[in-house]
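# Structure assessment
Residues per chain are reported as follows:
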Amino acid sequence: MPTIVFASPKGGVGKSTAALLLATELASHGGSVTMIDADPNRPLTQWAKLPGRPDNLSVVAVTTEESIIDTIELSAVQTTFVIVDLEGTASMMVGYAMSRADFVIIPAQGSHLDATEAVKAVKLVTAQEKAFKRRIPFAILFTRTSAAIRPRTLQSIETEFAENKVPMFGTQIHEREAYRALFAFGGTLTGLDPAQVANLAAARLNATAFAGELIERIKTSKAEATPAKHLAEEVA
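Definitions and limits used
- In this numbering scheme, every chain counts its residues from 1 along its sequence in written order.
- Only residues with pLDDT of at least 70 are given local features in this predicted model, and only at 80 or more are side-chain atom pairs given and counted; all residues enter the totals for whole chains, interfaces and linings.
- Computation of side-chain values covers all heavy atoms of the structure but excludes hydrogens and water.
- DSSP calls a pair of strands paired once it identifies at least 2 bridges connecting them.
- The way it works is that DSSP assigns letters per residue, a run of H or I at least four long becomes a helix, a run of E at least two long becomes a strand, and they are numbered from the N terminus.
- The term polar contact refers here to a pair of N or O atoms within 3.5 Å; inside protein, the definition further demands a hydrogen-donor-capable atom paired with an acceptor-capable atom, and it admits residues adjacent in sequence only when both atoms are side-chain atoms.
- pLDDT: the predictor's confidence for each residue, scored from 0 to 100.
- Residue contacts follow a heavy-atom distance rule, with two residues in contact if any of their heavy atoms lie within 4.5 Å.
- Buried means the residue's accessible area, taken with a 1.4 Å probe over protein chains only, is under 20% of the maximum for its type, while exposed means over 50%, and partly exposed covers the values in between.
- We call a crossover right-handed when, viewed with both strands directed away from the observer, the connection leading from the first strand over the helix to the second proceeds clockwise.
- Convention adopted: a line fitted to C-alpha atoms gives each axis, helices being fitted over their contacting stretch, and angles between N-to-C directions are expressed from 0 to 180 degrees.
- We call two directions roughly parallel when the angle between them is under 35 degrees, roughly antiparallel when it is over 145, roughly perpendicular when it lies between 65 and 115, and oblique otherwise.
- What makes a crossing left-handed is the near helix being turned counterclockwise from the far one by less than a right angle; a clockwise turn instead makes it right-handed.
- Residue type decides the class: Asp, Glu, Lys and Arg count as charged, Ala, Val, Leu, Ile, Met, Phe, Trp, Tyr, Cys and Pro as nonpolar, and the leftover types, Gly among them, as polar.

Attention now moves to the sheet that holds strand E3 (residues 57–61). In spatial order, the strands read E3-E2-E4-E1-E5-E6-E7; together these 7 strands make up an open sheet with parallel pairing. If you trace the sheet from one side to the other, it starts and ends with E3 and strand E7 (173–174), each paired once.

In structure tokens, the structure reads:
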């Protein structure tokens, strides 16, 4: 089953938020999900202790690089989706997790510093592809963006990535109070009270669009990796 890895050498780019949004969206559609919390701050583990966690979504904390691969492989057998939230550094654990990924998501805010760090993550994905002799699909995910304004800095970064053929999500994770509320009160976006959280409907649409785009990207990457005759047999 698909393993999705969130990775960035830079902390504070919204990895855990994006990972949680994806996991809860997938769980809300009936998929069983394991989130592997490899962030030393344990944000997902803390969220799981709050009320409202879906029964089909579990969180496993990983503390050592020696155990990350075994944890991913075991979780992939037990649940439909595995989502790995990694520490904000370039470490052996990050490389090991990438080696087992069906898709790597590289979150970045719209700054040149974040863009530089995102490029480092892209190079790490490429290194794992060479080391393990397998293609590892990936894309940049811009986070904490404005739903109404596209700053010139972000536009220039997008243009530069596009010119260098660096894949990017069309969907961006916007800055929303609802996303912070998840870590404060627990549960999912559908469980929050719209009377107490501003623009909750827009936050739900944003999360749904992100999850939907990822699923389409995974499907496309698998189709591209399948020889034409085998794909024809599967479709038939």
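Looking at the secondary structure, you find Thr64 in the loop between E3 and helix H3 (65–78). Thr64 sits 26 residues away from Ala38 along the chain, and the two C-alpha atoms are 8.4 Å apart. Within the structure, the side chain of Thr64 is placed 3.0 Å from the side chain of Ser67, a separation counted as a polar contact.

This part covers the confidence of the model for the protein chain. Summary statistics for the protein chain give a mean pLDDT of 92 and a share of 94% for residues scoring 70 or more. Ranking the helices and strands of the protein chain by mean pLDDT puts strand E2 (residues 33–37) first, with 98, and helix H9 (residues 228–235) last, with 41. Per-residue pLDDT stays below 50 along residues 227–236; that stretch engages in 3 contacts with residues further than four places along the chain or on separate chains.

To continue, consider the pairing of E2. Counting buried positions along E2 yields 5 of 5 residues, so the element is predominantly enclosed. With burial as the criterion, each face of E2 is covered, one bearing Val33, Met35 and Asp37 and the other bearing Thr34 and Ile36. Bridge count for E2 against E3 is 5 bridges, and the pairing is parallel. When the sheet's bridge partners are listed, Val33 is paired in E3 with Leu57. Each parallel crossover has a hand, and for E2 linked through helix H2 (residues 43–48) to E3 it is right-handed. Sheet topology note: the E2/strand E4 (residues 81–85) ladder contains 5 bridges and is parallel. If you follow Met35 over to E4, its bridge partner there is Ile83.

Here the focus is the environment of Gly52. Within the element layout of this structure, Gly52 appears in the loop between H2 and E3. On the accessibility criterion, Gly52 (51% relative accessible area) is exposed. Along the chain, Gly52 and Leu182 lie 130 residues apart, while their C-alpha atoms are 9.7 Å from each other. Non-local contacts of Gly52, meaning those with residues more than four positions away in its chain, are made with Gly187 and Thr188.

Bringing the packing of H3 against helix H4 (residues 92–99) into the picture now. Running from N to C, H3 and H4 cross one another at 20°; their axes reach a closest spacing of 9 Å. Relative to H4, the element H3 lies roughly parallel. Like other packed secondary-structure pairs, H3 and H4 cross with a definite hand, here right-handed. Residue-level contacts link Glu65, Ile68, Ile69 and Ile72 of H3 to Met92, Met93, Tyr96, Ala97 and Ser99 of H4. Tallied by class, the residues present in the contact of H3 with H4 amount to 7 nonpolar, 1 polar and 1 charged.

Moving on to the side chain of Thr34. Within the secondary structure, Thr34 sits in strand E2. Judged by relative accessible area, which is 3%, Thr34 ranks as buried. A distance of 3.1 Å separates polar atoms of two side chains, one belonging to Thr34 and the other to Thr79. Ignoring sequence-local partners within four residues, the contact set of Thr34 consists of Ser58, Val60, Ser75, Thr79, Phe81, Val82 and Ile83.

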